[in-house]
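Per-entry structural report
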Amino acid sequence: MGDMTDDTRWLDDGEQEVWRAFITMSGALNDQLDRQLQRDSDMPYTYYEILVVLSHAPDRSMRMSELAGLRGSSRSRLSHAVARLEQAGWVRRQECPTDKRGSLAVLTDDGFAALAAAAPGHVTAVREKLFDRLTPEQVKVLGEISKAVLEGLDPDKQLPGCRNLDH
């Protein structure tokens, strides 16, 4: 485990077990939600997330740089995803009126319709895979845990999941 004289705070057995269960659960949940969206709506989970963020933005549009920050993804990965969404006709890119170097991603009517068609299946999967497995008390605690961890990861509340947790 490395030099035991260092001041690394190693995980004890109980913490190690919780960490492994959490990581495994998180990965498996994302995989299953991704598979459901691919199967039923022919879109990866990452594309669905982009459409959701744009659907909540003013004028259904957002600067590419801000969208990349919100999703916590690199600009090149986001650029690739938006190019694919453009090909599908779900998003269009346009020049940013206030900054000629920047560009906006805009959700099209077709993109909004694709999101509206995908949402019921996605929400059903989230409900079945997560919320139906938990008691109301566990849901409340999961919200508190998520908020506590996110506050450390995203103190400026830039990520979309952080914005509504104060209610």
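No experiment lies behind these values; they were computed from the predicted model shown.

Within the protein chain, the regular secondary structure consists of 6 helices and 3 strands. What you see in the protein chain, going N to C, is helices and strands ordered as α-α-β-α-α-β-β-α-α. Classification of the 167 residues of the protein chain by burial places 28% in the buried group. Within the protein chain, contacts between residues separated by at least 24 positions form 49% of all contacts whose residues are at least 6 apart in sequence.

Strands sit in the order E1-E3-E2 across an open sheet of 3 strands; the sheet is antiparallel. In the strand order of this sheet, the two ends are held by strand E1 (61–63) and strand E2 (91–96), each with one partner. Each strand of the sheet is rotated relative to its neighbour by a mean of 30°, with strand direction disregarded. One ladder, built from 3 bridges, connects E1 with strand E3 (residues 99–107); its direction is antiparallel. Looking at the pairing, Arg-63 lines up with Leu-104 of E3. Against the sheet, helix H2 (residues 45–56) makes contact with E1, E2 and E3, and its axis sits at roughly 100° relative to E3, the strand it touches most.

The next thing to look at is the confidence of the model for the protein chain. Counting all residues, the mean pLDDT for the protein chain is 89, and 89% of those residues have values of 70 or more. The secondary-structure element of the protein chain with the lowest mean pLDDT is helix H3 (residues 64–71), recorded at 81, while helix H5 (residues 109–129) shows the highest, at 97.

Another point: unusual backbone geometry. Trans peptide bonds make up most of the peptide bonds, and negative phi angles are found at most residues other than glycine. Positioned with a positive phi, Asp-59 is a non-glycine residue whose angle comes to about 60°. Considering the arrangement of structural elements, one finds Asp-59 in the loop between H2 and E1.

Okay, the packing of H2 against helix H4 (residues 75–87) next. Packing of H2 against H4 leaves a shortest axis separation of 11 Å and a crossing angle of 80°. Viewed along their axes, H2 and H4 adopt a mutual orientation that is roughly perpendicular. Across the interface between the two elements, Tyr-47, Ile-50 and Leu-51 from H2 touch Leu-78, Ala-81, Arg-84 and Leu-85 from H4. For the contact of H2 with H4, the residue count by class is 6 nonpolar, no polar and 1 charged.

This part covers the packing of aromatic side chains. According to the stated counting rule, one finds 1 aromatic pair in the structure shown. If you follow Arg-60 out to its NZ or CZ, it ends over the ring of Phe-112, 3.9 Å from the centre.

Rules used in this analysis
Residues numbered from 1 in each chain as written. Predicted model: local features only at pLDDT ≥ 70, side-chain atom pairs only at ≥ 80, totals over all residues. Heavy atoms only, no water. Helix = DSSP H or I, 4+ residues; strand = E, 2+ residues; numbered from the N terminus. Buried < 20%, exposed > 50% of the residue type's maximum accessible area, 1.4 Å probe, protein only. Contact = heavy atoms within 4.5 Å. Pairing = 2+ DSSP bridges. Axes fitted to C-alpha atoms, helices over the stretch in contact; angles between N-to-C directions. pLDDT = per-residue confidence, 0-100. Parallel < 35°, antiparallel > 145°, perpendicular 65-115°, else oblique. Nonpolar A, V, L, I, M, F, W, Y, C, P; charged D, E, K, R; others polar. Phe/Tyr/Trp six-rings, centres within 6.5 Å; stacked < 30°, edge-to-face > 60°. Lys NZ or Arg CZ within 6 Å of the ring centre and 35° of its normal.

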